[in-house]
Amino acid sequence: MAYFERSTSTLFTGGTVDITVHEVAANGKLRELHKATGGCWGGTTIDKAFLDLLDNIVGQKVMKLFRDENQDDFIDMMRDFEVRKRSIEPRLESKVTFRIPIRLYELYGEMNKGQQLREEVRKNPTLSGKVTLTGDKMRVNPETVKELFTATSDNIAKHIEDIFSNPVANGTSTILMVGGFSESPMLQDAIRKAFPNKIVITPHEAGLAVLKGAVIFGHKSDEIVSRIAKYSYGLKCWSTFDPSKHPRDRMVIENGKQQVRGTFSKLVEVGESVSPDSPSKPRGFLPVGEAYSFTIKLYASPRSDPIFVDEEDCWLVGEVSVDCNDRKGADVSLVFGGTELEVIAVDKRGQRTTAQFNFLN
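Residues numbered from 1 in each chain as written. Predicted model: local features only at pLDDT ≥ 70, side-chain atom pairs only at ≥ 80, totals over all residues. Heavy atoms only, no water.

Asks: Any chance you could explain the packing of helix α1 (residues 43–58) against helix α2 (residues 60–69) here in plain terms?
Replies: Axis angle and axis distance: for two packed helices, these are the angle between their axes and the distance between the axes, and together they describe the pair. As a packed pair, α1 and α2 sit with axes 7 Å apart at the nearest point and diverge in direction by 120°. When the interaxial angle is binned, α1 and α2 end up oblique. Across the interface between the two elements, L51, L54, D55 and V58 from α1 touch Q60, V62, M63 and R67 from α2. Tallied by class, residues from the contact of α1 with α2 come to five nonpolar, one polar and two charged. (Axes fitted to C-alpha atoms, helices over the stretch in contact; angles between N-to-C directions. Helix = DSSP H or I, 4+ residues; strand = E, 2+ residues; numbered from the N terminus. Parallel < 35°, antiparallel > 145°, perpendicular 65-115°, else oblique. Contact = heavy atoms within 4.5 Å. Nonpolar A, V, L, I, M, F, W, Y, C, P; charged D, E, K, R; others polar.)

This is how it looks when you write it as structure tokens:
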């Protein structure tokens, strides 16, 4: 009997977090059990929390003008914060110093009738004892700095907890954290405290782990046995009018038959397991008129059963151009789960023909 270790893999990037559940067999092959889900809880949300703190200090109007008219100073300030935030850890006990451009002080005075920002901060009861301005430096007490991470860490922990409540995650023993933001001591501590019964692993150079994994997968695509579709995928097709699900105003008469155009002909449903060894069910298509080729359009949706491709949450993934050996058309199937989306086209004589993807987006 094969032994499987089940774990969650959590990707922390600059702007988003993607979390999935997978299991690894004794032979090292990986199978995804839960589609990648997450939200905008990456490292940039810590940047936003820092900017919100500055909004509270100087005001939103001053900050907006500073960002619009002094972009070099703003970028330098955020680069300095990027370095500082990587060193913030749970056992921090001393104040943290951030560099604040002098121009921000000047703008505050210009927009507030000459008031001095340092004095206003000192007199502000909500900031007193938390923030001190000296020269071009802002010193912030450790608890206020740690609070910059609280909302983001809580959102991530809550989402992981929601995934653990799914039966597919039963038996999960390990949380694997990869991506640049996963190197944050504050985030690591928050995850360990939220899940004391799980093994939390952050590999060396976690920021490069994703890139290394992509390179390995590109050379050895059979390392991943199957994936879980994050979206539903379907082709734009004509369908027979069905009054139980098609609005009557979408009906057209084509060759004497009641038809609807632009329906979502589903190939893969969100949450479905897909493998590079299992192409989708073939769909037959015919060229138009005297042509020896045809083009079909592939759409995606986060919902399981979209009806039309022009619904609000459907979008065009790309077009597939198929060359036919004759005007009898070809059967088209798609392969999901590999290193790339692949299309297979077979003519009516059973011979494979040329099919090319054009990813318009």
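Asks: Can you help me understand the pattern of salt bridges in this one?
Replies: Should their charged atoms come close, side chains of opposite charge can pair. Tallied over the full model, the rule gives 25 salt bridges. Residue D18 is joined to K230 by a salt bridge in which the shortest nitrogen-to-oxygen separation is 3.7 Å. Taken as a pair, D18 in strand β2 (residues 17–25) and K230 in the loop between β9 (224–228) and β10 (232–240) lie far apart in primary sequence, 212 residues in all. Its relative accessible area of 25% is what places D18 among the partly exposed residues. (Salt bridge = Lys/Arg side-chain N within 4 Å of Asp/Glu carboxyl O. Buried < 20%, exposed > 50% of the residue type's maximum accessible area, 1.4 Å probe, protein only.)

Asks: Just to check I follow, could you spell out the sheet that holds strand β12 (residues 257–268) for this structure?
Replies: The strands making up a sheet associate through backbone hydrogen bonding, with each pair oriented either parallel or antiparallel. Overall, antiparallel pairing links the six strands, which are arranged β11-β12-β10-β15-β16-β19 in an open sheet. In this open sheet, the two edge strands, each paired with only one partner strand, are β11 (251–254) and β19 (355–358). Each strand axis lies, on average, 40° off the axis of its neighbour in the sheet, ignoring direction. Two elements, strand β15 (residues 293–301) and strand β16 (residues 315–323), share eight bridges in a ladder whose sense is antiparallel. For S293, the partnering residue across the bridge sits in β16 and is D323. (Pairing = 2+ DSSP bridges.)

Asks: In this structure, what is going on with a nonpolar patch on the surface? I would like to understand it.
Replies: Nonpolar side chains collect at one region of the surface, where L208, L211 and V215 lie side by side and expose about 270 Å² of accessible area between them. For L211, a relative accessible area of 55% corresponds to the exposed category. (Patch = residues over 30% accessible without salt bridge, like charges linked within 9 Å, V, L, I, M, F, W, Y side chains within 5 Å. Areas by Shrake-Rupley, 256 points an atom, 1.4 Å probe, with all protein chains shown as cover.)

Asks: Hey, could you run me through the pairing of strand β3 (residues 30–39) in this one?
Replies: When β2 meets β3, the two strands line up antiparallel, connected through seven bridges. For I19, the partnering residue across the bridge sits in β3 and is T37. Sheet analysis places β3 next to β9, joined by two bridges and oriented parallel. Residue pairing in the sheet places R31 in a bridge with S226 of β9.

Asks: Please clarify how the side chain of S265 should be interpreted in this entry.
Replies: Within the secondary structure, S265 is located in strand β12. Setting aside residues up to four positions removed in sequence, S265 forms contacts with Y233, G234, L235, C237 and R283.

Asks: How do you make sense of the side chain of N70 when you look at a structure like this?
Replies: Structurally, the position occupied by N70 is in the loop between α2 and α3 (71–86). Relative accessible area serves as the criterion here: at 14%, N70 is assigned to the buried category. Excluding residues within four positions of it along the chain, N70 makes contact with L65, R103 and L107.

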